[in-house]
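Summary of the model geometry
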Amino acid sequence: MSRRAPLSKERQRGRLIVVEGIDGSGKSTQLHLLDQWLRHLGVRVFSTEWNSSDVVKEITSKGKKKALLTPTTFSLLHATDFADRYERNIAPLLRAGYFVLADRYIYTAFARDVVRGCSPRWVRRVYGFAAKPDAAFYFHVPVEVAVKRILTGRPKLKYYEAGMDLNLANDEYESYRIFQGRIIEEYKRMAATEGFRIMDGTLDIEHQQSLMRKQVLEMLPPSVAVLASKELVAQ
Amino acid sequence: MSLYRKALGARPLTFYGDGIQYLKGREIKGRLIVIEGPDGSGRSTQVDLITAKLESEGHAVTTTGLKRSELIGAGILQAKQRLPLGKKTLTLFYAADFADQLEHKIIPALEAGYIVLADRYIYTLIARSTVRGTSRKWSNELFGFTVKPDLVFYLDVDPAELFHRVFQKYAGLDYYESGADLGLSDDLYDSFVIYQRMMAREFKRMEKGYGLVPIDANRTIAEVNADLQGRIERYLHEGK
């Protein structure tokens, strides 16, 4: 029996794949399809979504309604949510060899919090503990396309979701448009330095998915990759 | 003591790290004075005495502590018992809670010209996280959004003496304040002393970077108070 290597030195074996983009860019759909494909191939998968920690939600839900969130508290609460999912799921599952799929990752904070007025350097430091993803897919769509997808049917936008705290416009739909446009600008600013893989979010869903799968194929263990590539070609 | 005290001069709000960008350039007329120290070091007593003295001199005073704000509420205590939260998660929670107090209570009071007496500040939060294994550098950067106080006093008490004070006051030891969650020792007295030494070491380490002034709080309440009042008086009226 081989001697056990010290755990801390052991390489992180899993893969971390994240999708980024504004609301309506189609990223969640694509990540869901990727999740289904990997499961079908027998890969161990774990998917996680931005702002979805139950514990954090439970603790903040009472306060959130009463208190007025500032950009700083807004940023820190999202960081808390992220840290809970990171410490509880993402980090241990990556160590255990899972494919961890994240619908929004630290770049969402880098974009949104900075648009809200937080210091870009401070936000990056707060998330300094997070692992760099193996692949970060950025779904680019013109703001009008994304906004149209979201606003069809005139849904009720939440106060912070519409960026109403920024006093961009009195009308929440107009505010939402300006807010999303600014977020796109932040994404663009970091695309090169963060090594985003740019996806054209206006292409057909199937087309986008096959482009994504081709890139993820290279990260699969050899035995799985052979099977997967046969299937991809057959399609 | 003269009947009329001059108003404290206005100065720009200053932060530790990058600060809160959208509040940069704000002017404050008040002053921020922090009293740090472990439970049983006499913090609250000193805060009360200093408040009374400053008010008698005609200054408006408000006090803050590390009590949970409306933002988070008591939910965190229940959650902590039911489902253990990670170290970074907890540190961020406390940071969010602190930010809420800072922006909604401390800064508005400073702008209005109050002397804000803080019964504990970020140093306790940083020390608690660090002794539990969170990166010191990360915590320092995280709390870079906070306002730099005018004065920070650290009430330093020998852990053995502290034990007697805490035991007399509460007839028992607090679970977290004795570091019982760290598995330092089966013996709660030992655990308490080791934990308090670890915390004291972190405070010692912060003296330089954060400008903490250690105060020997093994002395009587009156002696400690005379020491603190003298230093505050010199700062407020002579600027040193």
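If you're wondering where the values come from, they're calculated on a predicted model, not measured in any experiment.

The next subject is the overall build of chain B. Of the regular secondary structure elements, chain B holds eight helices and seven strands. Since a compact globule built from 240 residues should have a radius of gyration of about 18 Å, the 18 Å found for chain B is in line with a globular shape. On the principal axes, the C-alpha backbone points of chain B span a range of 55 × 45 × 30 Å.

A few words on the interface of chain A and chain B. Contacts between the two partners involve 29 residues from chain A, matched on the other side by 29 residues from chain B. Residue assignment for the side of chain A that touches chain B shows that the elements contributing at least two residues are α2 (54-66), α3 (71-95) and α5 (120-126) of chain A. For the side of chain A that touches chain B, the element with the highest residue contribution is α3(A), accounting for eleven residues. Taken together, the residues that form the side of chain A that touches chain B break down as twelve nonpolar, nine polar and eight charged.

On to the sheet that holds strand β6 (residues 151-156) of chain B, then. All names here are of chain B. Strand order in the open sheet made by the five strands is β4-β5-β3-β6-β7, with parallel pairing throughout. Edge positions in the open sheet fall to β4 (61-64) and β7 (212-216), since each of these has one partner strand only. When the angles between neighbouring strand axes are averaged without regard to direction, this sheet yields 20°. Bridging between strand β3 (residues 31-36) and β6 involves four bridges; their strand directions are parallel. Considered in β6, the bridge of I33 is made with L151.

As a further point, take the environment of K208(B). With respect to the helices, strands and loops of the structure, K208(B) is situated in helix α7 (residues 188-210). With 8 C-beta atoms packed within 10 Å, K208(B) lands in the exposed category.

Turning next to the sheet that holds strand β4 (residues 135-140) of chain A. Residues and elements named next belong to chain A. With parallel pairing, five strands are arranged side by side in an open sheet as β2-β3-β1-β4-β5. Edge strands, defined here as strands with exactly one partner in the open sheet, are β2 (45-49) and β5 (197-200). On average, adjacent strands in this sheet sit at an angle of 20° to one another, irrespective of strand direction. Sheet analysis places β2 next to strand β3 (residues 99-103), joined by five bridges and oriented parallel. Bridged to T48 within β3 is A102.

Looking now at the nonpolar core. A95(B), A96(B), V116(B), L117(B) and Y123(B) are the most contacted members of the largest nonpolar core, which totals 120 residues. At 13 residues, helix α3 (residues 87-111) of chain B tops the list of elements feeding residues into this core. Look past the residues within four positions of A96(B) in its chain and what remains in contact with it is T73(A), L76(A), L77(A), T80(A), L71(B) and I72(B).

Residues and elements named next belong to chain A. Here helix α4 (residues 106-115) lies mainly inside the structure; ten of its ten residues are buried. Looking only at α4, the buried set comprises I106, Y107, T108, A109, F110, A111, R112, D113, V114 and V115. As for α4, its buried residues are in contact with β1 (15-20), α3, α5, β4 and α7 (172-191). Downstream of α4 by a residue or two, G117 has a phi angle that is positive, lying close to 110°.

The next subject is the confidence of the model for chain B. The predicted model of chain B has a mean per-residue pLDDT of 91, with 92% of residues at 70 or higher. Both scores are available for the predicted complex, with the pTM at 0.91 and the ipTM at 0.91.

Packed helices, taken two at a time, are described by the angle their axes make and the gap between the axes. All names here are of chain A. Packing of helix α6 (residues 143-151) against α7 brings their axes to within 10 Å, and their N-to-C directions diverge by 135°. By the angle class used here, α6 and α7 are oblique. As α6 runs across α7, the sense of the crossing is right-handed. Contacts from V143, A146, V147 and L151 in α6 reach Y173, Y176, R177, Q180, G181 and I184 in α7. Residue composition of the contact of α6 with α7, by class: seven nonpolar, two polar and one charged.

The next thing to look at is the environment of F143(B). All names here are of chain B. Structurally, F143 is set in the loop between α5 (136-142) and β6. Overall, F143 belongs to the buried group, with 23 C-beta atoms counted inside 10 Å. Residues F143 and K208 lie 65 residues apart in sequence; the distance between their C-alpha atoms is 16 Å. Residues within four places of F143 in sequence aside, it is in contact with Y16, A95, I122 and I126.

Time to look at the pairing of strand β5 (residues 115-119) of chain B. Residue and element names in this part refer to chain B. Along β5, four of the five residues are buried, which leaves the element largely enclosed by surrounding structure. Examined bridge by bridge, β3 and β5 share five bridges and lie parallel to one another. Opposite R31, over in β5, you have I115 as the bridge partner.

Basis of the calculations
- Residues numbered from 1 in each chain as written.
- Chains lettered and ligands numbered in written order.
- Predicted model: local features only at pLDDT ≥ 70, side-chain atom pairs only at ≥ 80, totals over all residues.
- Helix = DSSP H or I, 4+ residues; strand = E, 2+ residues; numbered from the N terminus.
- Rg over C-alpha atoms; globule rule 2.2 N^0.38 Å.
- Contact = placed C-beta atoms within 7 Å.
- Nonpolar A, V, L, I, M, F, W, Y, C, P; charged D, E, K, R; others polar.
- Pairing = 2+ DSSP bridges.
- Axes fitted to C-alpha atoms, helices over the stretch in contact; angles between N-to-C directions.
- Buried ≥ 20, exposed ≤ 12 C-beta atoms within 10 Å, placed from the backbone.
- Core = buried A, V, L, I, M, F, W, Y, C linked by C-beta atoms within 7 Å.
- pLDDT = per-residue confidence, 0-100.
- Parallel < 35°, antiparallel > 145°, perpendicular 65-115°, else oblique.
- Left-handed = near helix turned anticlockwise from the far one by under 90°.

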